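Summary of the model geometry
Chain by chain, the residues run as shown.
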Amino acid sequence: MTDHHHQPLDFSYLIEMVGDDPIFLADFFKTFVDHIPVYLAEMENAFANGNWSKVSHCAHKMKPTFSYIGRNDVKQLVEAIEKHAQNNIGPDKIQSDIEKLKLICADICTQLEQEKLKLSAKQ
């Protein structure tokens, strides 16, 4: 199994959407870093309570974010969580996918923090 955590991020889609504006990009990264842990906690909580529709809803909310940073692999992982929760399939699989997602997101947040530092040097 390949290690997905340390993939480089790709901001070309984001830059295409919003332009190469360091202030906006830094703001986007901050929003991501602030919100993703909240969504993850919400998802874990919903999972712990067996609230499948809420797990699915949390996954759905998070999904687009990963396109912006060029991590379609993570988007697919979130999609799998969403679908499995919607159809109430394989709680063990959902749980291991949530665990995997948490590790990847922690890593992405670290990468984004570094990007933010690079951007603030440019401003």
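Above this text sits the structure in question.
Throughout what follows, the structure given in this document is the object of discussion. (Residues numbered from 1 in each chain as written. Predicted model: local features only at pLDDT ≥ 70, side-chain atom pairs only at ≥ 80, totals over all residues. Heavy atoms only, no water.)

**Comments concerning the overall build of the chain**
A tally of regular secondary structure across the chain gives five helices and zero strands. Listing every helix and strand of the chain by position from the N terminus yields α-α-α-α-α. With the principal axes as the frame, the chain shows a C-alpha extent of 45 × 30 × 20 Å. Across the 123 residues of the chain, 36% fall into the buried class. Counting contacts in the chain only where the partners sit at least 6 residues apart, residues at least 24 apart contribute 68% of the total. By element, 54% of the accessible surface of the chain is carried by carbon and sulfur atoms, the whole surface being about 6900 Å². (Helix = DSSP H or I, 4+ residues; strand = E, 2+ residues; numbered from the N terminus. Buried < 20%, exposed > 50% of the residue type's maximum accessible area, 1.4 Å probe, protein only. Contact = heavy atoms within 4.5 Å. Areas by Shrake-Rupley, 256 points an atom, 1.4 Å probe, with all protein chains shown as cover.)

**What about the pattern of salt bridges?**
Considering all chains together, one arrives at ten salt bridges under this definition. Note that Lys 63 and Glu 82 form a salt bridge whose closest N and O atoms lie 2.8 Å from each other. Of this pair, Lys 63 sits in helix H3 (residues 52–68) while Glu 82 sits in helix H4 (residues 72–86), and the two are 19 residues apart along the sequence. No difference in accessibility class separates Lys 63 from Glu 82, as the two residues are buried. Here Asp 97 ties to Lys 93 by a salt bridge, and the two come within 3.0 Å at their closest N and O atoms. (Salt bridge = Lys/Arg side-chain N within 4 Å of Asp/Glu carboxyl O.)

**Considerations on the nonpolar core**
Counting residues in each nonpolar core, the largest one holds 35 residues, and the members touching the most others are Phe 66 and Leu 101. Those elements that place two or more of their residues in this core are helix H2 (22–48), H3, H4 and helix H5 (91–122). The element contributing the most residues to this core is H2, with eleven residues. What Phe 66 contacts, discounting residues up to four positions off in sequence, is Phe 32, Ile 36, Arg 71, Val 74, Lys 75, Val 78, Leu 101, Cys 105 and Ile 108. (Core = buried A, V, L, I, M, F, W, Y, C linked by side-chain atoms within 4.5 Å.)

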